[in-house]
Amino acid sequence: MFHLIFSIPSWYVIARFLIPLSMPIALKILLSLLVLLASQYLLVSRFTSGSIFAPEMPRMVIILFNWAFSAVLFLALTQLVIDVVALISLIIRHPLEIAPGIRYLAALFAMGLATYGVQQATRVPALKDVTLEVANLPQAFEGYQLLQLTDLHITRLFNASWTASMVKQAMSLNVDLIVITGDVIDGTLENRRNDVEPLRGLHAPDGVLAITGNHEYFFEQQAWTEHLASLGLDPLLNRHKVIARGEAKLVIAGLTDASATARGADGPDLTQALAGAPENAPIVLLDHQPKNARENATQGVDIQLSGHTHGGLIWGFDRLFAKPNNGFVSGRYDVDGMQLYVNNGTGLWPGMAVRVGRPSELTRITLTRKK
């Protein structure tokens, strides 16, 4: 069913774009097969790599598959617009004849947009500055800066070279603390060991803290947690860390992912994570998925940092991501007095590496006292 859904844009392109074109039937069949192949990238990944989450193909092949699928998707959407306009013209009795040149322009537009979208998805992210206000922030933490990294999905696509460039960019920011809110990897430790090695270069005065995302639980989560800890990523799983500036305190708490229990691991427990935390200290919570934000807000959390949604990937598609995440997809939200920030992601799942209007980000978060 999953692969069938991904093939729908291809069937639409074949029926409404390729078949009406004036060209030899053999060429139409060949192009139709290529369009269908583009839609089955994940099926190819399953048979060549054993997993749709970590394609172990050459990076350029992964990029080409993502470009081809994105081009088909954008062409299907463009053709749908053409068809809707043509249908409306029939209804109002002013039928339009769609010239062949329009179809070719639609194809060029789709391929160009796919090129842009894949480039945006696979680049090292640009810096995004975000300021979050905290009502009870001690003066000693005024201007405190965190760097949030999330959804790196280190793979053959986001490989050692990409990771090293991202780390170099991150370290140039000189923040007080680095937090990583899950989905660091896709793939086994054996396959990803070299790709994650550059993470050893991440460091900050108050440390590098990391939680699990849902993808860690697809690939030897415990082994990965231990290995990432050896690189300097301190696992903050259902526990907290207190950062002190003299007598002033700031609590950073972290949860395991909501999917953990389905994989036989400990699920998120905010009560346990905050046990023993100093009273009246501001609480910054790391929770990979934003969907439990309203529940977390009831336990005195001041700020929640999440990822998981990739920002919806494409502007306008965020509505597809909204319902399973309780309406939280991208950016800042006020949730019953708690500030929620949903990060678009530093990388993203290589199964659909395209971004249009939802850019990846290195997110520098500055804390300030609410006036």
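To start, this report covers the structure provided alongside it. (Residues numbered from 1 in each chain as written. Predicted model: local features only at pLDDT ≥ 70, side-chain atom pairs only at ≥ 80, totals over all residues. Heavy atoms only, no water.)

Bringing the overall build of the protein chain into the picture now. Summing up its helical and strand segments, the protein chain has eleven helices and twelve strands in all. Relative to the compact-globule value of 21 Å for 371 residues, the protein chain shows a C-alpha radius of gyration of 23 Å, a close match. Along the three orthogonal principal directions, the C-alpha set of the protein chain runs to about 80 × 50 × 40 Å. Each of the 371 residues in the protein chain was classed as buried or not, and the buried ones make up 54%. Contacts in the protein chain between residues far apart in sequence, at least 24 positions, make up 76% of those at least 6 positions apart. The averaged location of the 30 negative side-chain charges in the protein chain is 8 Å from the averaged location of its 29 positive side-chain charges. (Helix = DSSP H or I, 4+ residues; strand = E, 2+ residues; numbered from the N terminus. Rg over C-alpha atoms; globule rule 2.2 N^0.38 Å. Buried < 20%, exposed > 50% of the residue type's maximum accessible area, 1.4 Å probe, protein only. Contact = heavy atoms within 4.5 Å. Lys, Arg positive; Asp, Glu negative; His and termini not counted. Charge placed at Lys NZ, Arg CZ, Asp CG, Glu CD.)

Moving on: the sheet that holds strand β11 (residues 338-342). Two pairing modes exist for strands in a sheet, parallel and antiparallel, and in both the strands are linked by backbone hydrogen bonds. If you trace the six strands from one edge of the open sheet to the other, you get β6-β7-β8-β9-β11-β10, paired in mixed fashion. The outermost strands of the open sheet, each flanked by one partner alone, are β6 (239-245) and β10 (331-335). Averaged over all neighbouring strand pairs, the angle between strand axes comes to 20°, with direction disregarded. Summarising the sheet, strand β9 (residues 303-306) and β11 pair through four bridges and their orientation is parallel. Bridging from a neighbouring strand, L305 pairs with Y341 of β11. (Pairing = 2+ DSSP bridges. Axes fitted to C-alpha atoms, helices over the stretch in contact; angles between N-to-C directions.)

Take the sheet that holds strand β2 (residues 145-149) next. Pairing is mixed in the open sheet, where six strands are placed in the order β1-β12-β2-β3-β4-β5. Each edge of the open sheet carries a strand with a single partner, namely β1 (126-134) and β5 (234-235). In this structure, strand β4 (residues 208-211) lies alongside β5, joined through two bridges in parallel fashion. Looking at the pairing, L209 lines up with D234 of β5.

The description of an aromatic ring pair uses the distance of the two centres, along with the angle that the planes make with each other. Within the structure shown, the criterion is met by six aromatic pairs. Look at F158 and W162: their rings are 4.8 Å apart centre to centre, the planes differ by 70°, and that puts the pair in the edge-to-face class. Assessed through its relative accessible area of 0%, F158 is described here as buried. Taking the relative accessible area as the measure of exposure, W162 reaches 4% and is therefore buried. Taken together, the ring pairs in this structure connect F53, F218 and W349 into an aromatic cluster. (Phe/Tyr/Trp six-rings, centres within 6.5 Å; stacked < 30°, edge-to-face > 60°.)

The next point concerns the side chain of H310. Checked against the element boundaries, H310 lands in the loop between β9 and α11 (318-322). A distance of 3.4 Å separates the side chain of H310 from the side chain of D151, its partner in a polar contact. Residues within four places of H310 in sequence aside, it is in contact with D151, H153, N344, L348, W349, R355 and R358. (Polar contact = N/O pair within 3.5 Å; in protein donor to acceptor, adjacent residues only side chain to side chain.)

A word on the pattern of salt bridges. This structure, assessed with the given rule, holds eleven salt bridges. Across the pair E56 and R192 runs a salt bridge, and its minimum N-O distance is 2.9 Å. Highlighted residues: E56 in the loop between α3 (41-49) and α4 (59-91) and R192 in helix α7 (residues 189-196), separated in sequence by 136 residues. For R192, a relative accessible area of 0% gives the class buried. Ionic pairing is found between K128 and E361, a salt bridge with its closest N-O pair at 3.9 Å. Taken together, the residues span a long stretch of sequence, with K128 in strand β1 and E361 in strand β12 (residues 361-369) at a distance of 233 residues. Of the residues examined, E361 reaches a relative accessible area of 2% and is grouped as buried. In the salt-bridge network here, residues are joined through shared partners; they are E56, R156, R192 and D195. (Salt bridge = Lys/Arg side-chain N within 4 Å of Asp/Glu carboxyl O.)

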